[in-house]
Amino acid sequence: MTYESNIDYARKLDELDPLKEYRNKFYIPQHQGKDSIYFTGNSLGLQPKSTSTYLQEELESWKQHGVEGHFEGKRPWFHYHKFSKEVLAKIMGAKPIEVVAMNNLTSNLHFMMVSFYRPNAQRYKIITEKGAFPSDQYALESQIKFHGFNPEEALVELKPRKGEHTLRTEDIIAKISEVGDELSLVMMGGVQYYTGQYFDIKSITKAGQNVGAMVGFDLAHAAGNVPVNLHSNEVDFAVWCSYKYLNSGPGGVSGIFIHEKHANNTDLPRFAGWWGHDEEQRFFMKKGFIPMKGADGWQLSNVNVLTSAAHLASLEIIDKIGIDSLRKKSIILTGYLEYLLNKLNLDRKVLEIITPSNPEERGCQLSLLVNKNGKQIFDKLTQQGVVADWREPNVIRIAPVPLYNTFEDVYRFVDILKST
Ligand SMILES: *Cc1c(COP(=O)(O)O)cnc(C)c1O
């Protein structure tokens, strides 16, 4: 696609954008009485205007029915986790039986590792990317210690080649083969939170399983951002959160994926709770855990209805568009940002985009490594109404989100950047 660097052109792209009306479905945070340029949907997605209605409905049900709300009202709470299932399955490229919304992300990562990280003296290593999100690092290290192994030895971290910022798939695969029959688990981000690199889920999964390991992904930055096709890619398990690209509010409910091939495997150890128990018998209150089939069998607690209500509000919007159409706009929108930044950089060698330039290897986020005065530039952007994200020591993360960001946002951002 050939772009142009002027505001009329940006506005023309907005005019032609088939998703342009969706911005209106969100509240855009204000800066000095005007819409801010909100580029942090990768950290906290914006609030749909419909969220309060969904929440209000459940408050009303509670008000009117009290405990009977579990079985009364428009969406009885007993079944609440089922209302998000079909849409989540579509977004994640899964079958409904393979997904469920529950808990929070890091908790789910631990629960999944209870089932899928089962080290023994011979096979105990975990491969992950170096510089993974801190919560994931802590989870992996503590799981390794929990099983009596030493993280220094058991955790294998993938590093980019010298002078490079992102990983090459061939290097990931080579490391997987090298660790070979000592490898118990490959556990990586789907889209890396810092660099924005979208890993090759299919090839990594295949390579891990070829040496007899389990393969899981943390899709915090991938869910609602890129199509991940979890079922056809044969991923063993995955976890994500809903407050980033899924716009379900701070601390919103997380989601899990467990491949159908594990759906009925009752031999997998799991930390069980009553919401994973056969629902026909859940209220018999009897001894003896009988898991639900599929991902539902990994639930522990009764549904966190209020955060799940917010989840439904956003999922309804995403479902109207579909992940493929979102992705289509995303590629053009982020491509425009890249084009304008590269043009700017012709005159001033201040920034380096460390996110891969191949659209297949990234989502909507571009991570800008600022060579000089990074924090100063970032603060000036903030003063002028750009909501971006600063990561020590010198990276600004910019995420134009196809649901609510415009080509004009992108143009104005680069214009402001030029003037800093
Ligand atoms: C956002 C994010 C988290 C946050 O974890 P919570 O349990 O939701 O607080 C964890 N891991 C990754 C990769 C993330 O991007």
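(A) Structural context of the sheet that holds strand β6 (residues 155–158). Taken together, 7 strands build an open sheet; the order of strands is β4-β10-β9-β8-β7-β5-β6 and the sheet is mixed. Strand pairing shows two members of the sheet lacking a second neighbour, β4 (99–102) and β6, which therefore form its edges. Taking each pair of neighbouring strands and ignoring which way they run, the sheet shows an average axis angle of 20 degrees. Alignment of strand β8 (residues 214–218) against strand β9 (residues 237–240), held across 3 bridges, turns out to be parallel. Looking at β9, one finds that Phe217 is bridged to Ala238.

(B) Region of the structure containing the sheet that holds strand β12 (residues 366–370). With antiparallel pairing, 4 strands are arranged side by side in an open sheet as β11-β12-β15-β14. Of all strands in the sheet, those bounded by a partner on one side alone are β11 (351–353) and β14 (389–391). Across this sheet, the average inter-strand angle for adjacent strands is 30 degrees, counted without regard to direction. Bridge count for β11 against β12 is 3 bridges, and the pairing is antiparallel.

(C) Looking closely at the environment of Gly93. Relative to the elements of secondary structure, Gly93 occurs in the loop between α3 (85–92) and β4. Sequence separation of Gly93 and Val370 is 277 residues, and the distance between their C-alpha atoms is 36 Å.

(D) Representation of the site of the ligand within the structure. The ligand sits among Leu105, Thr106, Phe133, Asp136, Asp218, Ala220, His221, Tyr243 and Lys244. Thr106 places a polar side-chain atom, nitrogen or oxygen, 2.6 Å from an oxygen atom of the ligand. The side chain of Asp218 places a nitrogen or oxygen atom 3.3 Å from a nitrogen atom of the ligand. Split by residue class, the shell around the ligand holds 4 nonpolar, 2 polar and 3 charged.

(E) Main features of unusual backbone geometry. Geometrically, the link from Glu392 to Pro393 is a cis peptide bond, its omega value of 0 degrees lying close to zero. Following the sequence through the fold, Pro393 ends up in the loop between β14 and β15 (395–398). One non-glycine residue with positive phi stands out, namely Asn103, at about 50 degrees. Following the sequence through the fold, Asn103 ends up in the loop between β4 and α4 (105–116).

(F) Broad picture of the packing of α4 against helix α5 (residues 134–146). Running from N to C, α4 and α5 cross one another at 30 degrees; their axes reach a closest spacing of 10 Å. Here α5 runs roughly parallel to α4, going by the angle between their axes. Crossing geometry of α4 relative to α5 is assigned as right-handed. Every residue of α5 that contacts α4 at Thr106, Leu109, His110, Met113 and Val114 is listed here: Ser135, Asp136, Ala139, Leu140, Ser142 and Gln143. Across the contact of α4 with α5, the residue classes break down as 5 nonpolar, 5 polar and 1 charged.

(G) Geometry of the environment of Gly73. Mapped onto the elements, Gly73 comes out in the loop between α2 (51–65) and α3. For the pair Gly73 and Glu338, spaced 265 residues apart in sequence, the C-alpha separation works out to 48 Å.

(H) Representation of the domain arrangement of the protein chain. As far as domains go, the protein chain holds domain 1 (7–35 + 322–419) and domain 2 (55–319). The C-alpha-based centres of domain 1 and domain 2 are spaced at 29 Å. For the pair domain 1 and domain 2, the summed buried area comes to about 2,000 Å², and 59% of that belongs to carbon and sulfur atoms. The largest per-residue losses of area from domain 1 upon contact with domain 2 belong to Ile323, Ile354 and Gln365, which jointly make up 26% of the total buried on that side. Our count for the domain 1 to domain 2 interface comes out at 0 salt bridges. Applying the counting rule to domain 1 against domain 2 returns 9 residue pairs in polar contact (both at pLDDT 80 or more). Elements represented by at least two residues in the side of domain 1 that touches domain 2 include exactly α10 (323–347), β12 and β15. The greatest single-element share of the side of domain 1 that touches domain 2, amounting to 4 residues, is contributed by α10.

Basis of the calculations
Residues numbered from 1 in each chain as written. Predicted model: local features only at pLDDT ≥ 70, side-chain atom pairs only at ≥ 80, totals over all residues. Heavy atoms only, no water. Pairing = 2+ DSSP bridges. Helix = DSSP H or I, 4+ residues; strand = E, 2+ residues; numbered from the N terminus. Axes fitted to C-alpha atoms, helices over the stretch in contact; angles between N-to-C directions. Near = heavy atom within 4 Å. Polar contact = N/O pair within 3.5 Å; in protein donor to acceptor, adjacent residues only side chain to side chain. Nonpolar A, V, L, I, M, F, W, Y, C, P; charged D, E, K, R; others polar. Parallel < 35°, antiparallel > 145°, perpendicular 65-115°, else oblique. Left-handed = near helix turned anticlockwise from the far one by under 90°. Contact = heavy atoms within 4.5 Å. Domains from an automatic or database assignment. Buried area = accessible area lost by both parts, 1.4 Å probe. Salt bridge = Lys/Arg side-chain N within 4 Å of Asp/Glu carboxyl O.

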